[in-house]
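Structure at a glance
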Amino acid sequence: MSRAVLEISGERIRENCRNICKYTGKKIIAVVKSDAYGIGIRYIAPILEHVDEVEYFAVASPDEGAILRSLGVRKKILVLGGVLKEEVETLLENRLIPVVSDMNHYRLVKDLKIPFHVKFDTGMGRLGFTDPVKLEGRVEGIMSHFSSPADKDFSMAQIEAFRRIVEKYKDIGVIHMESSAGLIYNLDFTTHVRIGLAIYGEKPIRDYPVSIKPSLTLKARVISVKELPAGYPISYGRTYITRGRTKVGIVAFGYADGLMKSLSNKLKLMVGSQNVPVIGNITMDMTIVDITGTDVREGDWIYIVNEYQTFSHISKLAGTIPYEIMCNISSRVERKIV
Ligand SMILES: *Cc1c(COP(=O)(O)O)cnc(C)c1O
C-alpha cells in the first residue's frame, strides 16, 4: 500500500499538448530532462510518444537519451547539453541528435556525420555560441534560449539577436527558441516550440494565453488523528502552540518526500477544496495539519497538489519555482497514471 502517490493524468497532458500546438501553430519539442521534471520518465515517455503534436523529445545528456530509447521511444531525441568525448558511443548507439554549443562539441560531432542542432547564446550566459558562427555539416536545426521571458525588453533584444542569426542560415528546417513562458512572444521565424512545464500542467506566468490544465495530483495518507488541548506544542522546535482544542492529522509526507521544511507553518494542504494548515515544523517523513472541524479520519488522503493548489502556488510560498519542487519529489512517492 502506498502512503504517498503522484497521479499523472495522461488525458490532461495530451490536451495541454494540443492546446500549445493550436496556440502556436508549431510542433512541440517535449522537454523531458531530469526524469521528466521529477515526474517519472517511465510514465511520461509512453504518453508523449503517441501525441502527434510532439515531434522531438529533449533531454539534458546522452545518458538520459539512452533511457528514452530503452523505454521504446522512436521519435527524435535532442540532447540539449551537448556531447563530451566519452559520450559519443551512447550518442551513436541511441541515434541521438546533439546540440552543438561550442567548438569542442562541433569537432566531436562533425566527423560522426550525424545531424545536429546549433545553439546560440543571445543573453542566457549558459550554453551556446555568442558569435554568429556558420557551421558546416548536417545542421538540422538552430536554437536559442530565453533567460528572462517575463522581461519583455530583454526578451525582444534576444529575439532580434537570434533573428539576425537565423537570416544567415538558409534552408534550415528546424528553428526553435520559445519555452513554456517564452511562447507568449509567438515568433514568426521559428518552426518548433521547446516545452516542458506547460505540458505537465503548470502555467509558467500569470495571464498565460494558452489553456493549460493541471495534470498532476500529489496526495498522502493520514497515518494518525488525535485531539490536543490548547497550549500544546507541535513538532520539532515547538514553532507552533495550539490556540484551542485542536484536532491534528499526521500526514505521511515530509521533507524527504520533497516538501521543504521552509514551508512549515505557511503551507496549507487540501481535503478536497478545503484548506488544512500545516502546523509546526515539517519533519522527514511526516507533516502535521490542523484538521479541526473536518471529518478527516486515519487512512484518508490529504492533497498537497490538486486542481486548487498547483506546484506553482506552493513554489511561490517557498520562494522558489515549480520546477525545483517537482524535481525534488522523492522516488519513494509512487507514480500512477490515471
Ligand atoms: C528546460 C529547458 C526548456 C523547457 O523549459 P520550460 O520552461 O519547462 O518549458 C527549454 N529549453 C531549454 C534549453 C531548457 O533547458
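Please read these numbers as outputs of a predicted model, since none were measured by experiment.

**With respect to the packing of helix α1 (residues 10-24) against helix α3 (residues 41-49)**
Two elements in contact, α1 and α3, have axes whose closest approach is 10 Å; the angle formed by their N-to-C orientations is 50°. Taken together, the axis directions place α1 and α3 in an arrangement best described as oblique. The crossing of α1 and α3 is right-handed. Touching G10, I13, R14 and C17 of α1 are I44, I47 and L48, all from α3. Tallied by class, residues from the contact of α1 with α3 come to five nonpolar, one polar and one charged.

**What to know about the site of the ligand**
By nearness alone, 13 residues border the ligand, and K33, Y37, S180, R194 and Y323 come closest of all. A distance of 2.9 Å is found between an oxygen atom of the ligand and a backbone nitrogen or oxygen belonging to G196. Taking L197, its main chain carries an N or O atom lying 2.8 Å from an oxygen atom of the ligand. Starting from 390 Å² of accessible surface for the ligand in isolation, the protein chains cover 92%. Sorting the residues of the shell around the ligand by element identifies α2 (33-37) and β9 (192-195) as the ones contributing at least two each. Its residues assigned to classes, the shell around the ligand comprises five nonpolar, four polar and four charged.

**Considerations on the pattern of salt bridges**
Pairing between side chains becomes possible if they bear opposite charge and their charged atoms approach one another. Applying the stated criterion across every chain, the model contains twelve salt bridges. Here R18 makes a salt bridge to E11, at a shortest N to O gap of 3.3 Å. In the salt-bridge network here, residues are joined through shared partners; they are E11, R14 and R18.

**Quick word on the domain arrangement of the chain**
In terms of domains, the chain is made up of domain 1 (10-200) and domain 2 (216-337). The C-alpha centroid of domain 2 is placed 36 Å from the C-alpha centroid of domain 1. Of the roughly 970 Å² buried between domain 1 and domain 2 on both sides combined, carbon and sulfur atoms contribute 67%. Joining domain 1 to domain 2, the criterion identifies one salt bridge. In this structure, the salt-bridge partner of R12 is E307, at a minimum N-O distance of 3.1 Å. Summed over the shared surface of domain 1 and domain 2, the number is three residue pairs in polar contact (both at pLDDT 80 or more). Of all elements in the fold, only α2 and α3 reach the threshold of two or more residues within the side of domain 1 that touches domain 2. For the side of domain 1 that touches domain 2, the per-class residue count stands at six nonpolar, two polar and one charged.

The rules behind these values
- The residue numbering used here restarts from 1 in each chain and proceeds along that chain's sequence as written.
- Local features in this predicted model are restricted to residues whose pLDDT is 70 or higher, and side-chain atom pairs enter the listing and the counts only when it is 80 or higher, whereas totals over whole chains, interfaces and linings include all residues.
- The basis for every side-chain value is the complete set of non-hydrogen atoms in the structure, without hydrogens or water.
- For helices, the axis comes from a line fit to the C-alpha atoms of the stretch in contact; other axes are also lines fit to C-alpha atoms, and the angle between any two N-to-C directions lies between 0 and 180 degrees.
- Under the DSSP-based scheme used, a helix requires at least four consecutive residues in state H or I and a strand at least two consecutive residues in state E, with every element numbered from the N terminus.
- Just so you know how the angles are binned, under 35 degrees is roughly parallel, over 145 roughly antiparallel, 65 to 115 roughly perpendicular, and the rest oblique.
- Left-handed describes a crossing whose near helix is turned anticlockwise from the far helix by less than a right angle; the clockwise case is right-handed.
- Any pair of residues with heavy atoms lying within 4.5 Å of one another is described as a contacting pair.
- Ten residue types, Ala, Val, Leu, Ile, Met, Phe, Trp, Tyr, Cys and Pro, are classed as nonpolar, four, Asp, Glu, Lys and Arg, as charged, and the remainder, Gly among them, as polar.
- Near residues are defined by distance, with any heavy atom within 4 Å of the molecule or strand qualifying the residue.
- Here a polar contact is recorded for every N or O atom pair within 3.5 Å, except that within protein the pair must consist of a potential hydrogen donor and a potential acceptor, and residues adjacent in sequence are included only if both atoms are side-chain atoms.
- Computed by Shrake-Rupley with a 1.4 Å probe, the accessible areas treat only the displayed protein chains as cover when residues are assessed.
- Salt bridge, as used here, is a side-chain nitrogen of Lys or Arg placed within 4 Å of a carboxyl oxygen of Asp or Glu.
- What marks off one domain from the next here is an automatic or database domain assignment.
- The term buried area means the drop in 1.4 Å probe accessible area that two parts suffer when joined, counted for both and summed.

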